[in-house]
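Coordinates in review
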Amino acid sequence: MSKVFLIDVQALICVMFWEGLASSLIIFTSKDHVKFFRGEQLIEKAITFRLIRSLGYFLLLYRGIFPDLVSSTLANVLLLLAFYLDAHVLLQTMKLSSEKLKRYGRLVFVMFSLLYVVADLFFEKANIRVVIASLGILMTFAPVVFQCMFGKKSRNLYRSFLWPYLLLIITTVPRAIVGITNKEYTLLETDVLQSMFYGFLLLKAFFCTLFLFVIFLSKSANEIEDLARDPLTGLNNRKSFNEQATEVFKRRQRTQGLFGVFFLDIDLFKNINDQWGHDKGDEILVAVADALQCSVDVKDICCRHGGDEFIICTTIDNVKIGEKIGKRLQEKIHNIDLVPGHRITSSIGFAYGVPKESECFADYITKADEAMYLSKRSGRDRLTVIRMEEIF
């Protein structure tokens, strides 16, 4: 059974060397397509620590060919530096980085680097190096993993990628104990414990890269969604609205169900801007957008068409439902109390019907716009309902 877990340590180190180069290349080739964290140089840091780690493993592999100062001392200091940067990038990716943890990480790196140099210079036994390396990894990752798994801002997505880090931390404890009790133990000793330790290091490296790309994809999707939103109100912008509403329109064409469009304009909005300022006008636009979303069904699509104009695409069973929605919109807007002594009102047009094959979504917007202007000409603060041409 032990043969399943017994893997040559040098072979594992060789794999980790190539993994570091390969993951660095993959991240580098995709960096121009990822905007997330670009300003914080996260991608550059992720590439840097992988290259440093690969260099450290490369020097370890040539132990006995290069001088000990290079193949042992420098190699392990480089690996400690890579682990410190790894922990820093992990925290930064999760937006959990803090000055306290940064200072702690720097202190651990400096302290264990000095300990390793002293051990190489004044102690002949290699087991001391195993102890220092194990404790260095434990002290570097333990607080970071604890923060990421159990901190207030931690998420289930984060936790699902952290278990290889946790396994690695757990393995460092018996590895350090064996290093203390067995004076002949070396960094390149091949046994089950060492195989597990380096295996978890490799697994951690893989999950670290995978997690980075999951976060990038998640944030990139959010960026794409943000592009489809009006930056002030958070409603769909015209392009996104037209795409979604056209799909709904075509679906109602096929099923021959009622389809409706509301066109809403805030009354005397220019006067509000002129008298109370554009900041107050923006507050009212946001409040109206909230009123729209509170008044319609979750499947309905809302849009800021431009300026103080809003459009809603809805599917209804009968015209009475559409009229109720329109009246509810007016009441919600009446309740907006942002301008002392001024009642916010709106003129609304509602065009509805069963879409014909010869019609398009734009026809409904045009009719709803005409209905809205009828409300304006009739004295404002009104709902005008227009039925599209009957189907014969």
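A few points on the structure. Treat the numbers as computed from the prediction; the structure is a model and nothing was measured.

1. Some points on helix 14 (residues 361-377)
- Between its first and last C-alpha atoms helix 14 spans 25 Å; for 17 residues at 1.5 Å apiece the expected length is 24 Å, and the two agree.
- All of the buried residues along helix 14 are Phe 361, Tyr 364, Ile 365, Ala 368, Ala 371, Met 372 and Ser 375. Around the axis of helix 14, the buried residues are gathered within 125° of arc, so they sit on the same side.
- Among the structural elements, helix 10 (238-255), strand 1 (259-266), strand 3 (309-315), strand 4 (346-353) and strand 5 (383-387) are those in contact with the buried residues of helix 14.
- Directly after helix 14, the chain includes Gly 379, whose backbone phi takes a positive value near 120°.

2. Notes on a nonpolar patch on the surface
- Together, Val 117, Val 118, Leu 121, Phe 122 and Phe 123 make up a nonpolar patch on the protein surface, roughly 500 Å² of accessible area in all.
- Relative to the helices and strands, Phe 123 resides in the loop between helix 5 (99-122) and helix 6 (127-150).

3. Thoughts on the sheet that holds strand 1
- Here 5 strands make up an open sheet; going across it, the order is 2-3-1-4-5 and the pairing mixed. Since the sheet does not close on itself, it has two edges, and those belong to strand 2 (301-306) and strand 5, each with one partner. Neighbouring strand axes in the sheet, compared pairwise and without regard to direction, differ in orientation by 20° on average.
- Sitting on the sheet, helix 10 is in contact with strand 1, strand 2 and strand 3, with an inclination near 135° to strand 2.

4. Observations concerning the environment of Ala 11
- Take Ala 11: it is sitting in helix 2 (residues 9-30).
- By relative accessible area, Ala 11 is classed as partly exposed at 36%.
- In this structure, the C-alpha to C-alpha distance between Ala 11 and Leu 61, residues 50 residues apart in sequence, is 9.2 Å.

5. Some details on the packing of aromatic side chains
- Evaluation of the coordinates by the stated rule reveals 19 aromatic pairs.
- Pairing Phe 58 with Tyr 62 gives two aromatic rings, centres 4.9 Å apart and planes at 45°, and the pair type is tilted.
- Taking the centre distance of 5.5 Å and the plane angle of 70° together, the rings of Phe 249 and Tyr 364 count as edge-to-face. Taken as a pair, Phe 249 in helix 10 and Tyr 364 in helix 14 lie far apart in primary sequence, 115 residues in all. Accessibility classification places Phe 249 together with Tyr 364 in one group, the buried group.
- Here a set of aromatic residues connected by ring pairs shows up, and it is made of Phe 17, Trp 18, Phe 58, Tyr 62 and Phe 66.
- Cation over ring: Arg 175 sits above Phe 197, and NZ or CZ is 3.8 Å from the ring centre.

6. A look at the side chain of Thr 384
- Along the polypeptide, Thr 384 turns up in strand 5.
- Taking the relative accessible area as the measure of exposure, Thr 384 reaches 17% and is therefore buried.
- Within the structure, Thr 384 has its side chain in polar contact with the side chain of Ser 375 (distance 2.6 Å).
- Leaving out residues up to four positions away in the same chain, Thr 384 has contacts with Ile 348, Gly 349, Phe 350, Ala 371, Leu 374 and Ser 375.

7. Overview of the nonpolar core
- Core analysis: the largest hydrophobic core is formed by 62 residues, its most contacted members being Tyr 57, Leu 90, Met 94, Phe 141, Cys 148, Tyr 198 and Leu 201.
- Of all elements in the fold, only helix 2, helix 3 (42-61), helix 4 (68-93), helix 5, helix 6, helix 8 (163-181) and helix 9 (192-227) reach the threshold of two or more residues within this core.
- For this core, the element with the highest residue contribution is helix 4, accounting for 12 residues.
- The next biggest cluster of nonpolar side chains, apart from the first, holds 29 residues, and it includes Leu 235, Leu 258, Ile 344 and Phe 350.

Parameters at a glance
- Residues numbered from 1 in each chain as written.
- Predicted model: local features only at pLDDT ≥ 70, side-chain atom pairs only at ≥ 80, totals over all residues.
- Heavy atoms only, no water.
- Helix = DSSP H or I, 4+ residues; strand = E, 2+ residues; numbered from the N terminus.
- Expected span 1.5 Å × (residues − 1).
- Buried < 20%, exposed > 50% of the residue type's maximum accessible area, 1.4 Å probe, protein only.
- Arc of directions from axis to C-beta.
- Contact = heavy atoms within 4.5 Å.
- Patch = residues over 30% accessible without salt bridge, like charges linked within 9 Å, V, L, I, M, F, W, Y side chains within 5 Å.
- Areas by Shrake-Rupley, 256 points an atom, 1.4 Å probe, with all protein chains shown as cover.
- Salt bridge = Lys/Arg side-chain N within 4 Å of Asp/Glu carboxyl O.
- Pairing = 2+ DSSP bridges.
- Axes fitted to C-alpha atoms, helices over the stretch in contact; angles between N-to-C directions.
- Phe/Tyr/Trp six-rings, centres within 6.5 Å; stacked < 30°, edge-to-face > 60°.
- Lys NZ or Arg CZ within 6 Å of the ring centre and 35° of its normal.
- Polar contact = N/O pair within 3.5 Å; in protein donor to acceptor, adjacent residues only side chain to side chain.
- Core = buried A, V, L, I, M, F, W, Y, C linked by side-chain atoms within 4.5 Å.

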